[in-house]
Each structure stands twice: as structure tokens, then as C-alpha cells.
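# Structural characterization, general
Chain by chain, the residues:
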Amino acid sequence: MSFATLAHERYSCRAFDPDLPVAADELAALLDVVRAAPTAKNLQPFHAWVFQDPEDLEKIRSCTPCHYGAPLLVLFGADEGQAFVRSDDGLNFAQVDAAIVATHYMLAATDLGLDTCWVGLIDVARVHELFPQTAGHTLVGLFPTGHALEGKGGPSERHTLRKPLDEIVSQ
Ligand SMILES: Cc1cc2nc3c(=O)[nH]c(=O)nc-3n(C[C@H](O)[C@H](O)[C@H](O)COP(=O)(O)O)c2cc1C
């Protein structure tokens, strides 16, 4: 699949088949791509937390209405304390970096034939309470990951709605 095809084929999946897990070698491949992502000054100011055992899954699912029954959830956090800060205007690149990393994860999942959804709707305080290891991180995205539930897990109407090119690009 070309990258352009992959970018168009990816969509937000909102219903996962609970009986189709993500294989260990698929997860390893996803995390390898995460590691390859570029970050400002290569400072890698992010962390990813993988939730797949039943106890963790139950806890993380209680932090969002958007877990969609996925058998694997991966959370990405940005650590502002480790990031490059642009001196001109003070921009801290941690969230930019973590978003790049998370995008690598999301597109790599599509490449492997897996489905995901970028979920920002998280009860952040509850995540920090239930998973103290996430302290000090800005939580940029939680990714339910797995295989779409047949007949229910397809793209929403919003998937094809994009602004016209001349509205988003000046050339
Ligand atoms: C930063 C970000 C946060 C998002 N948060 C949520 C969310 O909390 N719940 C959800 O169902 N979808 C969420 N989405 C998915 C978007 O709604 C979706 O990408 C958009 O509607 C376009 O549809 P598509 O991904 O199917 O192309 C989020 C996407 C992004 C990039």
C-alpha cells in the first residue's frame, strides 16, 4: 500500500471486536515505529503506556467513554520538562513531539491492518490517579487498537468531510 493510500484508508474506528486481540509481534512492530519518530532536537520527551491485561483494561476504560471495546489501549504523554523550548517565543515542543509519535503509531497500525481511534476525551485526573506513573505528563492521546467489529466498526460520516484544499493551503 502506498503512503497516500494508507493515509486515505485510515479512519477512526469506534467499535472493536473484543475477540480479536492484537498479536504480540504486531504490538512490538508498532512500538518499534514509535521509537523511530522524530522529535525536536531528538529529546524524545514522551512516554507510551500499554494497557492490555484485564485489570489495567478495566481501569483505563473507566477513564473514557471512548474505549470502544478495544482489546488494547495505548496512551501517549508529553513531558514538558524534557522537551526543546524555542527561545524566540518560548514554545515548548513536548506536545508537538508526542503528537508526531502518536501519529506514527496510528499510521503504523493501519499499515499492519489494525484499526485505531485517536481519543482525546479522557478523564485526565482519573488517569493520573489510577496510573500514578503518568504523573508529570500531558496526555495527548489514547488509542483503542484492534480489529473493527464487522458491520459496526466502519468509518463515520465525518471521515470523508474535509475542507477544500484552497481553504487550508495558500500556494
Ligand atoms: C487530537 C484528536 C482527538 C480526538 N478525540 C476523539 C475522541 O475523544 N473520541 C472520538 O471518538 N474521536 C476522537 N478523534 C477522532 C476525530 O473525531 C476524527 O479523526 C475526525 O472526525 C475525522 O474522522 P476520521 O479519523 O475517521 O478520518 C480525535 C482525533 C484527534 C486527531
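Residues numbered from 1 in each chain as written. Predicted model: local features only at pLDDT ≥ 70, side-chain atom pairs only at ≥ 80, totals over all residues.

## What about the overall build of the chain?
The helix and strand inventory of the chain stands at six helices and four strands. When its helices and strands are written in sequence order, the chain yields α-α-β-α-β-α-β-α-β-α. What you see for the chain is a C-alpha radius of gyration of 17 Å, in line with the 16 Å of a compact globule of 171 residues. Split into buried and exposed, the 171 residues of the chain put 29% on the buried side. For the chain, the proportion of contacts with a sequence separation of at least 24, taken over those separated by at least 6, is 81%. (Helix = DSSP H or I, 4+ residues; strand = E, 2+ residues; numbered from the N terminus. Rg over C-alpha atoms; globule rule 2.2 N^0.38 Å. Buried ≥ 20, exposed ≤ 12 C-beta atoms within 10 Å, placed from the backbone. Contact = placed C-beta atoms within 7 Å.)

## A short note on the sheet that holds strand β4 (residues 138-146)
In space, the four strands of this open sheet follow the order β1-β2-β4-β3, with antiparallel pairing throughout. Two strands lie at the open edges of the sheet, namely β1 (46-51) and β3 (115-116), each paired on one side alone. (Pairing = 2+ DSSP bridges.)

## A short note on the site of the ligand
Lining the immediate surroundings of the ligand are 13 residues, of which Y11, S12, G120, L121 and H159 lie closest. Classifying every residue of the shell around the ligand gives seven nonpolar, four polar and two charged. (Near = placed C-beta within 6 Å. Nonpolar A, V, L, I, M, F, W, Y, C, P; charged D, E, K, R; others polar.)

## Looking at the nonpolar core
By size, the foremost hydrophobic cluster in this structure holds 35 residues, and its most contacted members are L73, F76, A98, A102, Y105 and F143. Ignoring any residue separated from it by four or fewer positions in sequence, one finds A98 in contact with F46, F76, G77, A78 and V140. (Core = buried A, V, L, I, M, F, W, Y, C linked by C-beta atoms within 7 Å.)

## Quick notes on unusual backbone geometry
In this structure, N42 takes a positive phi of about 55° despite not being glycine. Tracing the chain through its elements places N42 in the loop between α2 (24-35) and β1. The exposed category is assigned to N42, around which 8 C-beta atoms lie within 10 Å. The backbone of Q44 shows a phi angle near 50°, a positive value even though the residue is not glycine. Note that Q44 resides in the loop between α2 and β1. On the neighbour-count criterion, Q44 (17 C-beta atoms within 10 Å) is partly exposed.

## A look at the pairing of β4
With respect to burial, β4 is a largely interior element, eight of its nine residues being buried. Two strands pair when backbone bridges link them, and strand β2 (residues 72-78) and β4 are joined in this way by seven bridges, in the antiparallel orientation. Residue G77 lies in a different strand from β4, and its bridge partner there is L139. As paired elements, β3 and β4 share two bridges and run antiparallel to each other. Bridge pairing in β4 links T116 to T145.

## So, the pairing of β2
Counting buried positions along β2 gives seven out of seven residues, so the element sits mostly inside the fold. A two-sided burial pattern is seen for β2, the buried positions comprising L72, V74, F76 and A78 on one face and L73, L75 and G77 on the other. Note: β1 against β2, six bridges, orientation antiparallel. Its bridge partner being in β2, V50 is matched across the sheet by V74.

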